[in-house]
There are 2 protein chains.
Amino acid sequence: MNFRKDAPIGIFDSGLGGLTVAKAVSEALPNEDIIYYGDTARVPYGIKSQQTIRNYSIEISRFLQAKGVKMIIIACNTASAAAFSGVCEAVGDIPVLNVIDAGTISAIRSGKKHIGVIGTLGTVGSGAYELSLKKANEELIVKSKACPLLVPLAEEGWTDNSIAKQTIDIYLKPFRNNGVEALILGCTHYPLFKDSILEYFNGKPIEIIDSAEAVAEMAKGKLSELDLLNDSGKKGELTCYVSDRPQRFRELAERFIGREIDIKTAD
Amino acid sequence: MNFRKDAPIGIFDSGLGGLTVAKAVSEALPNEDIIYYGDTARVPYGIKSQQTIRNYSIEISRFLQAKGVKMIIIACNTASAAAFSGVCEAVGDIPVLNVIDAGTISAIRSGKKHIGVIGTLGTVGSGAYELSLKKANEELIVKSKACPLLVPLAEEGWTDNSIAKQTIDIYLKPFRNNGVEALILGCTHYPLFKDSILEYFNGKPIEIIDSAEAVAEMAKGKLSELDLLNDSGKKGELTCYVSDRPQRFRELAERFIGREIDIKTAD
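Residue numbers here run from 1 along each chain, matching the order of that chain's written sequence. Chain labels run from A onward and ligand labels from 1 onward, assigned in the order the entries are written. The predicted nature of this model means local features are confined to residues of pLDDT at least 70 and side-chain atom pairs, given and counted, to a pLDDT of 80 or more, with totals for whole chains, interfaces and linings taken over all residues. With hydrogens and water set aside, each side-chain value is computed from the structure's full complement of heavy atoms.

Looking at the overall build of chain A
Rule in force here: Strands are runs of DSSP state E lasting at least 2 residues, helices are runs of H or I lasting at least 4, and numbering of each runs from the N terminus. Atoms counted for the radius of gyration: C-alpha only. Globule rule: 2.2 Å times the number of residues to the power 0.38. Three exposure classes are used, based on accessible area relative to the maximum for each residue type with a 1.4 Å probe and protein chains only: buried under 20%, partly exposed in between, and exposed over 50%. Contact definition: two residues touch when any of their heavy atoms are within 4.5 Å. Per-residue accessibility takes into account occlusion by the displayed protein chains alone, with areas from the Shrake-Rupley method and a 1.4 Å probe. We score Asp and Glu as negative and Lys and Arg as positive, and we do not count His or the chain ends. For charged residues, the charge sits on one atom: NZ in Lys, CZ in Arg, CG in Asp, CD in Glu.
Helix and strand counts for chain A stand at 11 helices and 10 strands. At 18 Å, chain A has a C-alpha radius of gyration in line with the 18 Å of a compact globule built from 267 residues. Oriented by its inertia axes, the alpha-carbon framework of chain A measures out at about 50 × 40 × 40 Å. Put simply, chain A has 267 residues, and 56% of those count as buried. Taking all contacts inside chain A whose residues are at least 6 apart in sequence as the whole, residues at least 24 apart take part in 77%. Surface accessibility of chain A: about 11,100 Å² in total, with carbon and sulfur atoms responsible for 47%. Here chain A contributes 31 positively and 34 negatively charged side chains, and the mean placements of these two sets differ by 2 Å.

Topic: the relation of the copies chain A and chain B
For the record, the criterion: A least-squares fit on C-alpha atoms brings the copies together, and the residues used are those whose pLDDT is at least 70 in both copies.
By a simple turn and slide, chain A fits onto chain B: the slide is 0.0 Å along the axis, the RMSD is 0.0 Å, and the turn is 180°. Given the turn and translation reported, the copies of this chain are related as if by a two-fold rotation axis. Here 96% of the contact residues of chain A are again contact residues in chain B; the copies associate through an equivalent surface.

Here we look at the UniProt feature "binding site: substrate" (unreviewed entry) in chain A
Residue and element names in this part refer to chain A. Note the threshold: UniProt positions are given in the numbering used here, feature names are shortened, and annotations may be inferred rather than shown by experiment. Identification of polar contacts relies on pairs of N or O atoms within 3.5 Å, with a donor-acceptor requirement for protein atoms, meaning one able to donate a hydrogen and the other able to accept it, and with residues adjacent in sequence counted only if both atoms are side-chain atoms.
The UniProt record marks Asp13, Ser14, Tyr45, Gly46, Asn77, Thr78, Thr188 and His189 with the feature "binding site: substrate" (unreviewed entry), using the residue numbering of this structure. What stands out for the annotated residues spanning 177 residues is how close their C-alpha atoms remain, the widest pair being 13.7 Å apart. Excluding its chain neighbours within four sequence positions, the residues that come into contact with Asp13 are Gly18, Tyr36, Tyr37, Gly38, Asp39, Ala75, Cys76 and Thr188. Only 3.1 Å separates the side chain of Asp13 from the backbone nitrogen of Gly17, close enough to count as a polar contact. With respect to the secondary-structure elements, His189 resides in the loop between strand 7 (182–185) and helix 9 (194–201). With near-sequence residues (within four places) excluded, His189 lies in contact with Leu16, Gly17, Val151, Ala154, Glu155 and Phe256. A polar side-chain atom of His189 sits 2.8 Å from a polar atom in the side chain of Glu155.

What follows is the structure in structure tokens.
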């Protein structure tokens, strides 16, 4: 199947966290239209079974396929781990990227050997980053830590107050002196804490790997390779679909993306 | 339809928070068997639409009905607001109680005129307690505040550390000097913070209304009125069904209920 250069890029997440990916993609590829799907009726995925997450992800990918996308980005770490192969099979020749592979490639490129990973309970419990990193280089030392409070803190807008800083202090303490040289932010909400995390490490030479930025770079490379970059010169548009409650999504979306967006309900 | 005295009481919640209700019921009614249903595959309800919550609640109530329960307690504040009448209609003559009515009755009985309510974004946004309290006595002054971080804090086990206390400080500040005489804990997770909340008010004469205890008392009264109290003298059993991921439920359940429980997956 031939895709049109001016077709949109589809991005999906269990909720609104993936907007940090949409933001990174629109910064790396300012001419691309983006269709974002946030499964706000069924968030969070992290507590659901692998089969359930796969079913939901395939359903959403078919929705994006029907919208004519030329690429699908799985912006949800949980879905990246549970549903990547399922989505690839379901959508035929549409190229599919996911944040875990992107974060892994970025970590490998950093040349660091001792990698830390933070994510939700679901992502860390699945061992997905560890598997992916070790598959790329079995000599890597990987240490992971679930940070379940960071998502609700981000949604409350508390990313740099004293509560956020104390929470980061508790969660990141294991990484402070265990030799970790790079830290993967393995949850799409976590880029919002980047400044507080850098401040916590206070000048230590730890590279922060933001999987939103990583997958945006990967998308740029892949579209270029396939000669599918939108060369119209027009500024790309972002359209968001949510499965439930557009109001709360709207309230929070601006904090994630930094500007007003068009939000529709997908029925 | 005649119910058997030794039939179980059904209790349901969107997740595990309702275990504080199961605990209060088993303390108030130690001879009753309890069947608890936690909809862990679809938690949280607070971000979902009214219709979705109603559909899920009716589905679960029919599951409990099929298990032969003599009473259904809606232990989820969100479902109490969105689905009470729907559940009553769906299950015919099974008596149905809900935590919002129970909390309201308890607040009215306290004789206080100025009532505070804390709950999730969904519960507070719905105005359900305010409506229910004003319906009972339109002269009441009701002030509500959403405290979205308390649920994830409870699930992390942080109910009395410095982070919990600072969070409570931020959320409860509006109630400190606004004349509130009674505070309804309008979320099933919140009883876990009772000590920290009492400490925050530091001897102020504020009555804390725990809707878990309130609905347990209501259940006792109703079963007694219907002559349906289990008089076997045997210690009641608690059986839990979850819609997904029994492991995480098991890990957290003990913190909520204070003992080991039997957990099954409802397919």
